[in-house]
Amino acid sequence: MLVGVGTPVLSAAETKAVATTRADAADDPEIWADPRDPSRGLIYGTDKQAGLYVYGFDGSVRAFLPEGRLNNVDLRADFPTPAGARVLVAASDRGRMGAALYLLDPDSLETTPWGVAALDLAEPYGLCMGRRGDAFIVIVNGTDGQVRQLRVEARADGGFTATEERRFALTSQTEGCVVDDVAGRLYIGEEAKGVWRFELDPARAGPGDLIAAAPSVMLKPDVEGLTLIRDGGRTYLIASSQGDSAFAVWRIDEAEPAYVGRFSPVAGRGIDAVTGTDGVAALGGVVGPFAEGLIVVQDDVDSDGEAASTTRMTQNFKLIDWREVKAALGL
């Protein structure tokens with residue numbers, strides 16, 4: 001796999017590798033930091049052959065949920081349930097053909113399976129979540145470009161209701177997606193074509209805008225994970241450029257996206273380089289030991305400083321200090 005050709009940055013830490021070896025396994029991460037005490041928090045990471053990992057900010061494994069073929073994961077806090085506010089976690093489930101739902105208790109930091117919202121997709125693949133007012137939204141896309149948008153609510157009996165409020169399609173395989181709750185926009189990566197922007201509100205739905213084409217100087221297919229990070233009054237979109245192991249960045253809080261550069265996590269500090277970039281997650285502000293924000297990225301070969309070998313291939317997630325990226329790109 002080609003070593004990244006973006007501006008070099010160093011990882012600050014890395015997770016333990018997922019247990020599945022000699023296979024494409026680790027895929028998509030997500031981050032939660034307790035707003036009451038941002039030193040407390042978790043990183044979720046999927047092993048798409050086996051289940052969902054829960055890591056600490058030091059990369060250690062806190063828990064593993066053997067939930068099967070989960071691909072992408074996302075979350076939203078302050079989800080109302082009869083037992084009180086929880087963090088709603090969702091993951092695309094290729095085994096049970098839907099969106100697997102979980103509830104994170106912010107006090108105990110325990111993640112509990114809640115059930116699966118069934119979907120009529122050929123293969124649930126990408127997933128992201130959003131907030132629109134009081135509504136909690138789960139978006140799932142498939143390998144054939146089909147997209148489903150659901151509104152999830154907790155019931156008084158402890159279960160949930162998932163109501164489809166929109167469906168549409170792109171022309172080829174999609175995966176990475178992210179919602180900008182503030183602007184009410186949905187971004188979707190079409191792997192061989194680029195990044196699209198849509199309105200989140202079905203009442204304002206339109207055909208969407210291709211804001212970054214692939215292949216291009218910004219993106220080398222496949223276009224994989226998408227994430228947002230807020231830094232003061234600025235919001236940045238980050239996309240995985242899998243074809244050259246880099247990450248492209250745009251500022252998106254103004255009228256039109258402004259491309260600001262690319263970065264690649266290289267080897268250093270005893271941590272190997274990131275190659276074959278897939279999922280990516282980011283969270284701004286204080287996140288554990290990261291004073292201004294954290295980026296977590298998937299690495300398709302965790303070599304631990306050794307020569308990569310397909311016979312012993314393991315995959316994991318790298319943790320990158322947002323300040324490192326800002327300095328590298330002059331933000």
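Residues numbered from 1 in each chain as written. Predicted model: local features only at pLDDT ≥ 70, side-chain atom pairs only at ≥ 80, totals over all residues. Heavy atoms only, no water.

Caption draft 1: Representation of the sheet that holds strand E7 (residues 70-81) in the model. An order of E7-E8-E9-E10 is seen for the four strands of this open sheet, with the pairing classed as antiparallel. Sheet topology places E7 and strand E10 (111-118) at the edges, where each strand pairs with a single neighbour. Looking at each pair of strands side by side, their axes are set apart by 25 degrees on average, direction ignored. With eight bridges joining them, E7 and strand E8 (residues 84-93) adopt antiparallel strand pairing. Across the sheet, the residue bridging to Leu75 is Val89, located in E8. (Pairing = 2+ DSSP bridges. Helix = DSSP H or I, 4+ residues; strand = E, 2+ residues; numbered from the N terminus. Axes fitted to C-alpha atoms, helices over the stretch in contact; angles between N-to-C directions.)

Caption draft 2: Inspection of the sheet that holds strand E23 (residues 280-284) at higher detail. Taken in spatial order, the four strands make up an open sheet running E2-E25-E24-E23, and their pairing is antiparallel. In the strand order of this sheet, the two ends are held by strand E2 (13-14) and E23, each with one partner. As defined by bridge partners, E2 adjoins strand E25 (residues 316-321) across two bridges and the pair is classed as antiparallel. Residue pairing in the sheet places Glu14 in a bridge with Lys318 of E25. Helix H1 (residues 322-329) contacts strand E24 (293-299) and E25 of the sheet and is inclined by roughly 65 degrees relative to E25. (Contact = heavy atoms within 4.5 Å.)

Caption draft 3: Region of the structure containing the pattern of salt bridges. Evaluation of the coordinates by the stated rule reveals 34 salt bridges. Here Lys48 ties to Asp24 by a salt bridge, and the two come within 2.9 Å at their closest N and O atoms. On the criterion of sequence distance, the pair formed by Lys48 in the loop between strand E4 (41-47) and strand E5 (51-55) and Asp24 in the loop between E2 and strand E3 (26-33) is long-range, its members being 24 residues apart. With a shortest N-O distance of 2.5 Å, Arg40 and Asp34 are connected by a salt bridge. (Salt bridge = Lys/Arg side-chain N within 4 Å of Asp/Glu carboxyl O.)

Caption draft 4: The nonpolar core, seen in detail. The biggest cluster of nonpolar side chains holds 18 residues, and the ones touching the most others in it are Leu88, Trp114, Val138 and Val152. Of all the elements in the fold, those that place two or more residues in this core are E8, strand E9 (98-104), E10, strand E11 (124-132), strand E12 (135-142) and strand E13 (146-154). Leaving out residues up to four positions away in the same chain, Trp114 has contacts with Phe79, Leu88, Leu101, Tyr102, Leu103, Val152, Glu153, Ala154, Gly158, Gly159 and Phe160. Core analysis: the next-biggest nonpolar cluster, separate from the first, contains 17 residues, Ala13, Tyr53, Phe290 and Leu319 among them. (Core = buried A, V, L, I, M, F, W, Y, C linked by side-chain atoms within 4.5 Å. Buried < 20%, exposed > 50% of the residue type's maximum accessible area, 1.4 Å probe, protein only.)

Caption draft 5: Geometry of the side chain of Arg251. Within the fold, Arg251 resides in strand E21 (residues 246-251). A polar contact is formed between the side chain of Arg251 and the side chain of Asp253, at a distance of 2.8 Å. (Polar contact = N/O pair within 3.5 Å; in protein donor to acceptor, adjacent residues only side chain to side chain.)

Caption draft 6: Highlighting the side chain of Arg262. Residue placement: Arg262 occurs in strand E22 (residues 258-266). From its side chain, Arg262 meets the backbone oxygen of Met218 in a polar contact 2.7 Å long. Within polar-contact distance, the side chain of Arg262 engages the side chain of Asp244 at 2.4 Å. Beyond its immediate chain neighbours, meaning those up to four positions away, Arg262 contacts Val5, Gly6, Thr7, Val217, Met218, Leu219, Ser241, Asp244, Ala246, Phe247, Ala248 and Leu329.

Caption draft 7: Just the packing of aromatic side chains, in detail. Inspection of the entire model under this criterion finds eleven aromatic pairs. Their ring planes at 55 degrees and their centres at 6.0 Å tell us that Trp250 and Tyr259 sit as a pair that is tilted. The rings of Tyr53, Tyr55, Phe64 and Phe317 are connected pair by pair, giving a single aromatic cluster. (Phe/Tyr/Trp six-rings, centres within 6.5 Å; stacked < 30°, edge-to-face > 60°.)

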